[in-house]
Amino acid sequence: MKKIINTKNAPAPIGPYNQAVLSGTTLYISGQIPIDPKTGNLIEGDIAKETKQCMENLRAILLEAGMTFENVVKSSIFISDMNQFSEINDVYANYFDAATAPARETVEVANLPKFVNVEISMIAVV
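Residues numbered from 1 in each chain as written. Predicted model: local features only at pLDDT ≥ 70, side-chain atom pairs only at ≥ 80, totals over all residues. Heavy atoms only, no water.

We now examine the nonpolar core. Core analysis: the largest hydrophobic core is formed by 27 residues, its most contacted members being Leu 27, Met 55, Phe 69 and Met 122. Mapped onto this core, the elements with two or more residues apiece are strand S2 (20–23), strand S3 (26–32), helix H1 (47–64), strand S4 (72–79), helix H2 (85–93) and strand S6 (118–125). Sort the elements by how many residues they give to this core and H1 lands first, with seven residues. Apart from residues no more than four positions distant in its own chain, Met 122 is found in contact with Leu 27, Tyr 28, Ile 29, Met 55, Leu 58, Phe 69, Val 72, Lys 74, Ser 75, Tyr 92 and Phe 96. (Core = buried A, V, L, I, M, F, W, Y, C linked by side-chain atoms within 4.5 Å. Buried < 20%, exposed > 50% of the residue type's maximum accessible area, 1.4 Å probe, protein only. Helix = DSSP H or I, 4+ residues; strand = E, 2+ residues; numbered from the N terminus. Contact = heavy atoms within 4.5 Å.)

With that out of the way, let us pick up the packing of H1 against H2. For the pair H1 and H2, interaxial distance at closest approach is 9 Å and the crossing angle is 40 degrees. For the element pair H1 / H2, the angle class is oblique. Pair H1 / H2 crosses with right-handed handedness. Residues Ile 47, Ala 48, Thr 51, Lys 52 and Met 55 of H1 form the contact with H2, whose own contacting residues are Glu 87, Ile 88, Val 91 and Tyr 92. (Axes fitted to C-alpha atoms, helices over the stretch in contact; angles between N-to-C directions. Parallel < 35°, antiparallel > 145°, perpendicular 65-115°, else oblique. Left-handed = near helix turned anticlockwise from the far one by under 90°.)

From the geometry alone we can't say anything about function, so treat these as descriptive.
Given below as structure tokens:
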């Protein structure tokens, strides 16, 4: 059985998917791009601000599901330019304790939805 998780504090999906799905004790969060949920506008031009918006969108979804970043066991980061890895990593690191940080991969891709520079998805458990 699955439960759909949606919050107005994160951007509405831009396709046929939900923000997150809770199946048993596992939460699967769809990739979040740097859209400000209050305005619907993309955050552009500063990879640190773009990454922060992705992380804040993820935080909102986690909170809606009754979780925090401490519940995250896996992250996937998709970026358009691996040269921005260290800036993205610096922002990402602010959300986790290094000793208990989740497993993760970071992959450079040709394009992302709306041609953003970063998209992050997560899996969390209760």
